[in-house]
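Structure at a glance
For reference, the chains in residue letters:
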Amino acid sequence: MTVFKAYMKIIKSNITLVSLYTVIFLIIAVMMTSFNSSNRNMNFKEEKVKIQIINNDTDSTLVQGLIDVLAEKNDIVDIGEDKESIQDALFFRTVEYVVTVPENFTKDFYAGKDVDLEKIQIDQSFSGYYMDSLINKYFNTWKIYKDNNINLSDEIIKEKVISDLGKETKTTLFDENKDTSILENMNYYFNMAAYALLGSIILGIMICMSELNKDKIKQRNLCSPVKPKTISSNIILGNCILSFVIYLITTVAGIIFFKDDIFTIYGLLMILNLFTITLCCMFMAMVAGALVKSRAAITAVSTTLSMGLCFISGVFIPQSFLGDSVKYIASFSPVYWFVKGNNDIIKISNFNLDNLKPVLYSFAIELGFAICLLVIYLVISKQKAKRAEN
Amino acid sequence: MFSHLFVNRLKIVLRTKEVLFWNLCFPIILASLFSMTVVNTTQNEELKKVDIAVISNLAYEKDESGFKAFLQEVSSEDNEEAIFKLKVVDENEAKSLLEDDEIKGYINLKGDIELTVNGSGYEETLIKSFLDYYKQRSSTISNVISLNSGQFDITKIQDIASEAKDYLKNIKVSDAAPNVTVIYFYALLGMTCMYSATVGSEEIVTIQANLSPEASRIGLAPFNKLKLFVSSAMASLLVQLGLLMILLMYIKFVLGIDFGGNAPFVLLTCILGTVTGLLFGTCISSILKISSNAKIGIIICVNMTFSVLAGMMNSGVKYLIQENVPIIAKINPINLITDALYSLYYYDTYNRFIENIAGLCIMSVIFLIITIAVLRRQQYDSI
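Residues numbered from 1 in each chain as written. Chains lettered and ligands numbered in written order. Predicted model: local features only at pLDDT ≥ 70, side-chain atom pairs only at ≥ 80, totals over all residues. Heavy atoms only, no water.

A few points about the overall build of chain B
Per the secondary structure count, chain B includes 17 helices and five strands. A compact globule built from 383 residues should have a C-alpha radius of gyration of about 21 Å, whereas chain B, at 31 Å, is more than 25% larger. By its C-alpha atoms, chain B is 105 × 45 × 35 Å across when sized along the principal axes. Every one of the 383 residues in chain B was classed for burial, and the buried ones make up 53%. (Helix = DSSP H or I, 4+ residues; strand = E, 2+ residues; numbered from the N terminus. Rg over C-alpha atoms; globule rule 2.2 N^0.38 Å. Buried < 20%, exposed > 50% of the residue type's maximum accessible area, 1.4 Å probe, protein only.)

Details of the side chain of Asn355(A)
Structurally, Asn355(A) is set in helix α15 (residues 353–389). Leaving out residues up to four positions away in the same chain, Asn355(A) has contacts with Ile348(A), Asn350(A), Glu99(B) and Asp100(B). (Contact = heavy atoms within 4.5 Å.)

What to know about helix α17 (residues 351–375) of chain B
Residue pairs spaced three or four apart in an α-helix point in one direction, given the helix's 3.6 residues per turn. Look at α17(B): 36 Å from first C-alpha to last across 25 residues, which is about the 36 Å you get at 1.5 Å a residue. Of all the residues in α17(B), the buried ones are Arg352(B), Phe353(B), Asn356(B), Ile357(B), Gly359(B), Leu360(B), Met363(B), Ser364(B), Phe367(B), Thr371(B) and Leu375(B). Along its buried surface, α17(B) packs onto α4 (83–92) of chain A together with α9 (196–207), α11 (225–254), α12 (263–287), α15 (326–331) and α16 (333–346) of chain B. (Expected span 1.5 Å × (residues − 1).)

Quick look at the packing of helix α11 (residues 265–291) of chain A against helix α14 (residues 334–347) of chain A
All names here are of chain A. α14 packs onto α11 with a crossing angle of 175° between their chain directions and a minimal axis gap of 10 Å. On the basis of their axis angle, the class for α11 and α14 is roughly antiparallel. Counting all contacts with α11, which are made through Tyr-266, Leu-269, Met-270, Asn-273, Leu-274, Ile-277, Cys-280 and Met-284, the residues of α14 involved are Pro-334, Val-335, Phe-338, Gly-341, Asn-342, Ile-345 and Ile-346. Taken together, the residues that form the contact of α11 with α14 break down as 12 nonpolar, three polar and no charged. (Axes fitted to C-alpha atoms, helices over the stretch in contact; angles between N-to-C directions. Parallel < 35°, antiparallel > 145°, perpendicular 65-115°, else oblique. Nonpolar A, V, L, I, M, F, W, Y, C, P; charged D, E, K, R; others polar.)

Thoughts on the packing of aromatic side chains
Aromatic ring pairs are described here by two measures, namely the spacing of the ring centres and the angle between the planes. Overall, the coordinates contain 44 aromatic pairs over all chains when judged by the stated rule. Here the aromatic rings of Phe311(A) and Phe34(B) are separated by 4.9 Å at their centres, their planes lie at 55°, and the arrangement is tilted. You can see Phe311(A) sitting in helix α12 (residues 295–313) and its partner Phe34(B) sitting in helix α2 (residues 17–42), one on each of two chains. Phe311(A) gets classed as buried once you look at its relative accessible area, which sits at 0%. (Phe/Tyr/Trp six-rings, centres within 6.5 Å; stacked < 30°, edge-to-face > 60°.)

Let's talk about unusual backbone geometry
All names here are of chain A. A positive phi angle, close to 65°, is found at Asn-104, a residue other than glycine. Following the sequence through the fold, Asn-104 ends up in the loop between β3 (97–101) and α5 (105–110). Look at Asn-104 and you get partly exposed, because its relative accessible area is 37%. The backbone of Lys-259 sits at a positive phi, close to 55°, despite the residue not being glycine. Inspection of the secondary structure puts Lys-259 in the loop between α10 (228–258) and α11.

What to know about a positive patch on the surface
A cluster of basic residues, Lys227(A), Lys229(A), Lys382(A) and Lys386(A), forms a positive patch on the protein surface. Considering the arrangement of structural elements, one finds Lys229(A) in helix α10. (Patch = residues over 30% accessible without salt bridge, like charges linked within 9 Å, V, L, I, M, F, W, Y side chains within 5 Å. Areas by Shrake-Rupley, 256 points an atom, 1.4 Å probe, with all protein chains shown as cover. Salt bridge = Lys/Arg side-chain N within 4 Å of Asp/Glu carboxyl O. Lys, Arg positive; Asp, Glu negative; His and termini not counted. Charge placed at Lys NZ, Arg CZ, Asp CG, Glu CD.)

What to know about the confidence of the model for chain A
Confidence in the prediction of chain A, expressed as mean pLDDT, is 84, and 94% of residues score 70 or more. Low confidence marks residues 39–45 of chain A, where pLDDT is under 50. Its contacts with residues over four positions away, or in another chain, come to 19 contacts. (pLDDT = per-residue confidence, 0-100.)

Digging into the interface of chain B and chain A
Counting residues at the interface gives 92 residues for chain B and 90 residues for chain A. Counting each side, the surface lost to burial between chain B and chain A is near 8,700 Å², with a carbon and sulfur contribution of 62%. Considering only the side of chain B, the residues that lose the most area to chain A are Tyr167(B), Leu168(B) and Met313(B), jointly responsible for 10% of the buried surface there. Applying the counting criterion to the chain B and chain A interface returns five salt bridges. Counting across the chain B and chain A interface gives 24 residue pairs in polar contact (both at pLDDT 80 or more). Broken down by element, the side of chain B that touches chain A gets its largest block of residues, 14 residues, from helix α6 (residues 122–147) of chain B. Broken down by class, the residue content of the side of chain B that touches chain A amounts to 46 nonpolar, 26 polar and 20 charged. (Buried area = accessible area lost by both parts, 1.4 Å probe. Polar contact = N/O pair within 3.5 Å; in protein donor to acceptor, adjacent residues only side chain to side chain.)

What about the confidence of the model for chain B?
All names here are of chain B. Residue-level pLDDT values for chain B average 83, and 93% of them are 70 or greater. Mean pLDDT in chain B bottoms out at helix α10 (residues 213–220), which sits at 72, and peaks at α12, which reaches 91. Scored by ipTM, the complex comes to 0.75, with pTM at 0.80.

Focus: the side chain of Asp164(A)
Assignment of secondary structure puts Asp164(A) in helix α7 (residues 154–165). An unpaired buried charge is present at Asp164(A): no salt bridge exists, and Lys167(A), the closest side chain of opposite charge, is 5.0 Å distant. Once you skip the residues sitting within four places of it in the chain, Asp164(A) turns out to touch Thr141(A), Tyr145(A), Gln136(B), Ser139(B), Thr140(B) and Asn143(B).

Comments concerning the environment of Ile317(A)
All names here are of chain A. Of note, Ile-317 is situated in the loop between α12 and α13 (324–330). Take Ile-317: its relative accessible area is 8%, and that puts it in the buried class. Residues Ile-317 and Phe-91, 226 residues apart in the sequence, show an inter-C-alpha distance of 22 Å.

Description of the pairing of strand β4 (residues 112–117) of chain B
Where strand β5 (residues 170–173) of chain A lies against β4(B), four bridges are found, and the strand directions are parallel. Note that in β4(B) the partner of Lys170(A) across the bridge is Glu114(B). Where strand β3 (residues 105–110) of chain B meets β4(B), six bridges bridge the pair, whose relative direction is antiparallel. Paired with Gly105(B) across the bridge in β4(B) is Val117(B). Joining the antiparallel neighbours β3(B) and β4(B) is a turn of one residue, in which Gly111(B) adopts a positive phi near 85°. (Pairing = 2+ DSSP bridges.)

Overview of the environment of Thr305(B)
Considering the arrangement of structural elements, one finds Thr305(B) in helix α13 (residues 292–309). Overall, the relative accessible area of 15% leaves Thr305(B) in the buried class. Distance from Thr305(B) to Met191(B), taken between C-alpha atoms, is 9.9 Å for residues 114 residues apart in sequence. Apart from the residues lying within four places of it in its own chain, the contact partners of Thr305(B) are Ile24(A) and Ile28(A).

Topic: the pattern of salt bridges
Applying the stated criterion across every chain yields a total of 20 salt bridges over all chains. The partner of Lys113(A) in a salt bridge is Asp108(A), and the shortest N-O contact between them spans 3.6 Å. Judged by relative accessible area, which is 51%, Lys113(A) ranks as exposed. Note that Asp132(A) and Lys119(A) form a salt bridge whose closest N and O atoms lie 2.8 Å from each other. Linking Asp132(A) in helix α6 (residues 126–148) with Lys119(A) in strand β4 (residues 117–121), this pair joins segments that are 13 residues apart in sequence. Side by side, Asp132(A) and Lys119(A) carry an identical accessibility label, which is buried. Linked by salt bridges that have partners in common, Lys340(A), Asp344(A), Lys347(A), Asp101(B) and Lys104(B) make up one network.

Some words on the environment of Leu71(B)
All names here are of chain B. Take Leu-71: it is sitting in helix α4 (residues 67–75). Considered as a pair, Leu-71 and Asn-224 are 153 residues apart in the sequence and their alpha carbons are 82 Å apart. Once you skip the residues sitting within four places of it in the chain, Leu-71 turns out to touch Ile-52, Val-54, Tyr-60, Leu-86 and Ile-107.

Focus: the sheet that holds β5(A)
One open sheet accounts for five strands, arranged β5(A)-β4(B)-β3(B)-β1(B)-β2(B); its pairing is mixed. Edge strands, defined here as strands with exactly one partner in the open sheet, are β5 of chain A together with β2 (84–89) of chain B. On average, adjacent strands in this sheet sit at an angle of 25° to one another, irrespective of strand direction. Seen against the sheet, α6(B) touches β5 of chain A together with β1 (50–55), β2, β3 and β4 of chain B and runs at an angle of roughly 175° to β4(B).

If you want it as structure tokens, here you go:
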């Protein structure tokens, strides 16, 4: 177990760097998960948008009705009406949508003229599309009442319009016991934690392997009366322990953050999925460690691999938003199947074999990747040993 | 002597593979990844039709309220603007399809419209929005008919149902609209500027006699340490700026990211960012008494953290930090560089830009003072 003890000593002397990666990125994962739970703007429980309404027209019933409709489901903010204040507010996102009612709007609207409100919004945002739809529905509905009921007072029209726009479809979740927001947060955390896991494991394993594979150290080991197989198995044991410890830290952090919510079938499946990707990371790191010798290159490879694979696999940008070509390329990475597995887990309502098939399929592919990477590592090691003999 | 040291340092830095990787290859890889993932999600891609089902019960089959016709219209294959793919199935099959994720929701028409979904994502929101729109417009039509005491011209219903004017005009408060995608690239540029810290760290290693044999030899030379530091730093800065310019041109001309029209100020931001990064590296290296590789590792880790907090992985994080922990936004140099570039892109005036540049200048001065304070008057016993 001499090589194993040497492995542990190397880890100990590099513990600062490896633990820094793990801790910092776990903290970021927890932070982004807690922030993300309050910032999801795709939720069909519509999120409140921060809007400002500037009224340059009279306080007509038409305009008051608009303000009432917008205020009901959004946060009305007052950030000033001058250009610089609006610019600043949009820059710092203290407002997301600014709508200005121009002068004489009510008069022109009733006269049937082609009038527009002015809007300023964050480009390409969901909140912008949602607000556009709400405002247009309001005025279109008002116009319908006005054009078809000539004698109706504005107050009654306003009442009718607000009542109409308040009509919502009764929507039920297929499984009402399923708390989708907690599941989505768990999904987000485990995806982010995979990045921390990937970066730390690859870095830690590559550092140790590069030290043990240094020519002189390797030659001294080969001279010793210890079989090369034993040396290899010591190194693999060290890799397993390092990976498992990092996996445990990531899981425990998740348990502390989510508490009882993680002890459901969903949480346990995600923990199992994380274990599977840990195996893949470990073997991936071993392959990289066998190929890369330079200490300077280690940080480069670990950062590039972890960030690159996580980016294209849907860790930072949801998979549903990625293009088909990106998803095709990413499907050659085990991280893609890990993220897909987590996405499939949260969709399940009834846990039966049929519904678990997509999840088990992802697990199987990840294990397949792990086996392939192990085989590649063994082949590379064998080739190197043969070259050393020659 | 100054020029000799300058040229030698230039050659050393240019031949250092780590410098080329961290300051050119890695950012180009990341920029390309951003372009593939972030930019493509916001371009106009063909919207995929959402799979839905409706339960084929008596209420649906005999529906005369127009809901059946509405559903068929928004899912018709002949309709180019159709956004749904509709299946008409029985209740058990609908539940099974939903469980298997073959549909995103199913509709049950029993008295009122009811929707059942299995999640709360974009597709589910879209289905609900359409059904809400139908309910709201139907309510309006019913009210209009009843308010007209039954003397309503039925032929007008079609016109009412399709009333959909756009009452909004987009106004630009600045030349460039607030845009989420550019934040990723600006944060990447900020990160690259700060990666000059790796070279800054190496500067200290080649000057401090206790850190490397080269530094011990250089320490023997009758040359002022400050001049030595300045000549080496200028050579490193020149290389960093050259690599940053290549990255900048790649992002602007190959990936097509807009930086606004202020090229000189963009360059100024990059130069100042690189100087801040270099001095950050010298500061870290002079304080920490660990191996060179460990210092590089820590610098990279810290830079990645700063980048994440500046919105490089998720632009929403930047604004959440600003709202909840604004002090971090103020002391994060990558965030300052990102904000400086974004304010050049977005604002007509330079107030915000000057604030961020001032922040970077203050940081550079602080790092420089710490570096000099640690390095000055250090001598080694001759033994």
